[in-house]
Amino acid sequence: MPKLLFIPGSLRAASSSRATAEALMRRLEEVAACDLADPGRLPHYNADVTDDAAVAAFVAAIDQADGLVFVTPEYNYSIPGLLKNAIDWASRPAYASVFVGKPCAIVSTSGGALGGVRAQAHLKYVLSGMLAAVHPCRELVITHANARLSDGTLDSDETLGMAEDTLRAFTAALSRAA
Ligand SMILES: Cc1cc2nc3c(=O)[nH]c(=O)nc-3n(C[C@H](O)[C@H](O)[C@H](O)COP(=O)(O)O)c2cc1C
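About the cut-offs
Residue positions within a chain follow its written sequence, with the count starting from 1. Predicted model: local features are reported for residues with pLDDT of at least 70 only, side-chain atom pairs are reported and counted for 80 or more only, and whole-chain, interface and lining totals are derived from all residues. In computing side-chain properties, one takes all heavy atoms of the structure into account and sets aside hydrogens as well as water. A run of H or I in DSSP counts as a helix once it spans at least four residues, and a run of E counts as a strand once it spans at least two, with each numbered from the N terminus. Side-chain atoms alone can form a polar contact between residues adjacent in sequence; in general such a contact is a pair of N or O atoms within 3.5 Å, and within protein one must be able to donate a hydrogen while the other accepts it. Two residues qualify as a contact provided that any one of their heavy atoms is within 4.5 Å of a heavy atom in the partner residue. For this analysis, a nonpolar core means a set of buried residues of the types Ala, Val, Leu, Ile, Met, Phe, Trp, Tyr and Cys, connected via side-chain atoms within 4.5 Å. Remark: exposure states derive from per-residue accessible area (1.4 Å probe, protein chains only) relative to the maximum for the residue type, with buried under 20%, exposed over 50%, and partly exposed in between. A helix is expected to reach a length of 1.5 Å times the quantity of its residues less one. Here the arc refers to the set of directions running from the helix axis out to each C-beta atom. Two rings from Phe, Tyr or Trp (for Trp, the six-membered ring) form a pair when their centres sit within 6.5 Å of each other. Planes less than 30 degrees apart are called stacked, planes more than 60 degrees apart edge-to-face, and all others tilted. In this analysis the charged atom, NZ for Lys or CZ for Arg, is taken to sit over a ring once it is within 6 Å of the ring centre and within 35 degrees of the ring normal. Proximity is defined per residue: any heavy atom of the residue falling within 4 Å of a molecule or strand makes that residue near it. Areas reported here follow the Shrake-Rupley algorithm with a probe of radius 1.4 Å; residue values treat only the protein chains shown as occluding. Each residue gets one of three labels, nonpolar for Ala, Val, Leu, Ile, Met, Phe, Trp, Tyr, Cys and Pro, charged for Asp, Glu, Lys and Arg, and polar for the others, Gly among them. Patches were defined on residues exceeding 30% relative accessible area and lacking a salt bridge, with like-charge contacts within 9 Å and nonpolar side-chain contacts (Val, Leu, Ile, Met, Phe, Trp, Tyr) within 5 Å. Each reported salt bridge corresponds to a side-chain nitrogen of Lys or Arg within 4 Å of a carboxyl oxygen of Asp or Glu.

A.B. asks: Help me understand the side chain of S10 in this model?
C.D. replies: Within the secondary structure, S10 is located in the loop between β1 (3-8) and α1 (16-27). Polar contacts involving the side chain of S10 include one to the main-chain amide nitrogen of R12, which spans 3.3 Å. Within the structure, S10 has its side chain in polar contact with the side chain of S15 (distance 3.4 Å). If we ignore the near neighbours within four places in the chain, the residues touching S10 are S15, S17, R18, P73, Y75 and L82.

Right, dumping it as structure tokens:
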């Protein structure tokens, strides 16, 4: 089974993007081995730091994953600093990092009606700067995400169906490439 590393962009206990990631992981469990990264464990990026254990574990998890799934909210029309910080750590050496050629899929969430679609455009741009392979598909957005949470979970075909179908296609492409 392909290994998928989900990378959430929010630390909140009641995060709708982490709830989205967890629901998608459950839905994909018979086709992929899914893990959830914890970017909150990473320090602020500092090029002088070369021996941080959390950073080393995060970079190794990306390296070992067959594909990455970013599930992120939009902060001020872009990706949260938390996510950018995590990406920056794994982006070195430039153009020769664990991101080169790494298949990536993007899901965004928002409390509002646009579902974080502007953050997706920024994330695609950032990933292109690291020569990652962003899965070609329509934008996967979860609109009004907070209102869709019930007891901390978010799980309906109406909300997640398109993301699930697309991630199944993403996973199948990883299997074919292996
Ligand atoms: C600092 C900050 C900036 C935000 N900026 C946007 C924004 O630009 N667009 C948007 O749709 N929602 C924005 N929101 C609202 C988020 O979509 C909402 O808080 C969402 O639930 C955050 O994701 P989470 O539930 O995973 O923590 C912002 C929220 C915060 C805290």
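A.B. asks: I would appreciate a short explanation of the nonpolar core in the present structure.
C.D. replies: General note: in soluble globular proteins, nonpolar side chains tend to be found buried as a group. Grouped together as the largest cluster of nonpolar side chains are 26 residues, with contacts concentrated most on I7, I62, L68, F70, F99 and L127. For this core, the secondary structure elements donating two or more residues are β1, α2 (53-64), β3 (67-73), α3 (81-90), β4 (103-109) and α4 (117-128). Here this core takes five residues from α3, the largest share from any one element. Contacts of L68, omitting those with residues within four sequence positions, involve L5, I7, I62, F99, K102, P103, C104, A105 and F170.

A.B. asks: What is the right way to look at unusual backbone geometry in this model?
C.D. replies: In most cases, non-glycine residues show a negative phi, while peptide bonds are predominantly trans. A cis amide bond links R92 with the next residue in sequence, P93, at an omega value of -5 degrees. Secondary-structure assignment places P93 in the loop between α3 and β4. Phi at N76 is positive, roughly 50 degrees, even though this residue is not glycine. Structurally, N76 can be placed in the loop between β3 and α3. Positive phi, normally seen in glycine, also occurs at D151, with a value near 55 degrees. Mapped onto the elements of the fold, D151 is located in the loop between α5 (145-148) and α6 (157-177).

A.B. asks: What is the right way to read α4 from this model?
C.D. replies: Every α-helix winds through 3.6 residues per turn, so residues three or four apart in the chain are directed the same way. With 12 residues, α4 should cover 16 Å at 1.5 Å per step; its first-to-last C-alpha distance of 17 Å lies within 8% of that length. Looking at α4, one finds that the buried residues are A119, Q120, L123 and L127. Axial view of α4: buried residues confined to an arc of 105 degrees, hence all on one face. Looking at the buried side of α4, the elements it contacts are β3, α3, β4, β5 (133-134) and β6 (140-142).

A.B. asks: Would you mind going over the packing of aromatic side chains with me for this structure?
C.D. replies: We describe a pair of aromatic rings using the distance from one ring centre to the other and the angle between the two ring planes. By the definition in use, this model includes one aromatic pair. It is R118 that lies over the ring of Y77; its NZ or CZ is 3.7 Å from the centre.

A.B. asks: Would you mind going over the site of the ligand with me for this structure?
C.D. replies: Around the ligand sit 14 residues in total, of which S10, R12, S15, S17 and S110 are the nearest. Contact between the ligand and N146: an oxygen atom at 2.9 Å from a side-chain N or O atom of the residue. Starting from 630 Å² of accessible surface for the ligand in isolation, the protein chains cover 71%. Taken together, the residues that form the shell around the ligand break down as three nonpolar, eight polar and three charged.

A.B. asks: How do you make sense of a nonpolar patch on the surface when you look at a structure like this?
C.D. replies: On the surface, a cluster of nonpolar side chains totalling about 300 Å² of accessible area is made up of Y95, V100 and L131. Along the chain, L131 turns up in the loop between α4 and β5. Since its relative accessible area comes to 41%, L131 is described here as partly exposed.

Note that all results are geometric; they support no functional claim without further evidence.
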